[in-house]
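Geometric and topological summary
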Amino acid sequence: MEGGGGAAHAGWTGEEPVDAEALEVLLQAPSKAQVNEVFLLAFRARHGQTDALVEKAASKLGGAASKEETVRLLRAANQLIMRAVYLSLDAEGVVGLLPSDFHQALGGLIGTIVAHHASEWRELIIASQVSEPRLLDMNWRGDVKAA
């Protein structure tokens, strides 16, 4: 963890805006559950996207998005996830990261999904970080040898 106890992410400075245009591809998703699945896939792709992961995300959108659109979507979703986790944002805070002219219903859904999974994602990020060894158990027993 760096800074205020949030999750560190390579290449994220917190300055670049979220690619909201890429997130609007989620409007093509057939259901809210599919949008949730795309965000779960985006989190899984935080260390790199495989073709299989991109294809799976595209299928969640009903096949309406191209490979390039899906790659952009996963990057934008991951960026939003990492920023929300780093800043410990609730649903309203996540919506605040999106532009003011962003689709209102989709923004609310994204905020709800990210806020719902944020604590789980934070724990997974923390658990995957390399850290110094931790003392887990200590036994203060002293064995005395009788002569």
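Scroll up for the structure.
First, a word on scope: everything that follows refers to the structure included in this document. These numbers were taken from a predicted model, which means no experiment stands behind them.

Glancing now at helix α3 (residues 51-60). Of the residues making up α3, those classed as buried are Leu53, Val54, Ala57, Ala58 and Lys60. Buried residues in α3, looked at end-on, bunch into an arc of 155 degrees, giving them a common side. Exposed residues lying more than 90 degrees from the buried face of α3 are Ala52 and Glu55. On the buried face of α3, the contacting elements are α2 (32-44) and α4 (67-87). Backbone geometry just after α3 places Gly62 at a positive phi near 75 degrees.

The next thing to look at is the pattern of salt bridges. Within this structure, the stated rule accounts for three salt bridges. With its nearest N and O atoms 3.9 Å apart, the salt bridge here joins Glu21 to Arg72. Of this pair, Glu21 sits in helix α1 (residues 20-23) while Arg72 sits in helix α4; the two residues are 51 residues apart in sequence, bridging distant segments of the chain. Overall, the relative accessible area of 58% leaves Glu21 in the exposed class. By relative accessible area, which is 35% here, Arg72 ends up partly exposed. One connected set of salt bridges, linked through shared partners, spans Asp19, Glu21 and Arg72.

In this section: the packing of α3 against α4. Look at α3 against α4: their axes get within 9 Å of each other, and the N-to-C directions meet at 95 degrees. One finds that α3 runs roughly perpendicular with respect to α4. Along its contact with α3, which presents Asp51, Val54, Ala57 and Ala58, the element α4 presents Lys67, Thr70, Val71 and Leu74.

Let us now look at the packing of aromatic side chains. Within the structure shown, the criterion is met by one aromatic pair. For the ring pair Phe43 and Trp121, a centre distance of 5.1 Å and an interplane angle of 15 degrees mean the geometry is stacked. Of this pair, Phe43 sits in helix α2 while Trp121 is found in helix α6 (residues 104-128), placing the two residues 78 residues apart along the sequence. Taken individually, Phe43 and Trp121 each receive the classification buried, so the pair is uniform in this respect. Here the guanidinium or amino end of Arg46 rests over the ring plane of Phe43, the centre of that ring lying 4.0 Å away.

Glancing now at the nonpolar core. Among the nonpolar cores identified, the biggest contains 39 residues, and Leu23, Leu26, Phe39 and Ile110 are the most heavily contacted of them. Looking at this core, the elements with two or more residues in it are α1, α2, α3, α4 and α6. Broken down by element, this core gets its largest block of residues, ten residues, from α4. Leu23 has contacts with Val18, Phe39, Leu73, Ala76, Ala77, Leu80, Leu98, Phe102, Leu106 and Ile110, leaving out every residue within four places of it along the chain.

Okay, the packing of α2 against α6 next. The relative placement of two packed helices is expressed as an angle between their axes plus a distance between the axes. One can describe the packing of α2 onto α6 by two numbers: an axis separation of 10 Å at closest approach and a directional angle of 35 degrees. Two packed elements cross with a definite hand, and for α2 against α6 that hand is right-handed. Across the interface between the two elements, Lys32, Val35, Asn36, Phe39, Leu40 and Phe43 from α2 touch Leu109, Ile110, Ile113, Val114, His117, Trp121, Leu124 and Ile125 from α6. Here the residues of the contact of α2 with α6 sort into eleven nonpolar, two polar and one charged.

Parameters and conventions
Residues numbered from 1 in each chain as written. Predicted model: local features only at pLDDT ≥ 70, side-chain atom pairs only at ≥ 80, totals over all residues. Heavy atoms only, no water. Buried < 20%, exposed > 50% of the residue type's maximum accessible area, 1.4 Å probe, protein only. Helix = DSSP H or I, 4+ residues; strand = E, 2+ residues; numbered from the N terminus. Arc of directions from axis to C-beta. Contact = heavy atoms within 4.5 Å. Salt bridge = Lys/Arg side-chain N within 4 Å of Asp/Glu carboxyl O. Axes fitted to C-alpha atoms, helices over the stretch in contact; angles between N-to-C directions. Parallel < 35°, antiparallel > 145°, perpendicular 65-115°, else oblique. Phe/Tyr/Trp six-rings, centres within 6.5 Å; stacked < 30°, edge-to-face > 60°. Lys NZ or Arg CZ within 6 Å of the ring centre and 35° of its normal. Core = buried A, V, L, I, M, F, W, Y, C linked by side-chain atoms within 4.5 Å. Left-handed = near helix turned anticlockwise from the far one by under 90°. Nonpolar A, V, L, I, M, F, W, Y, C, P; charged D, E, K, R; others polar.

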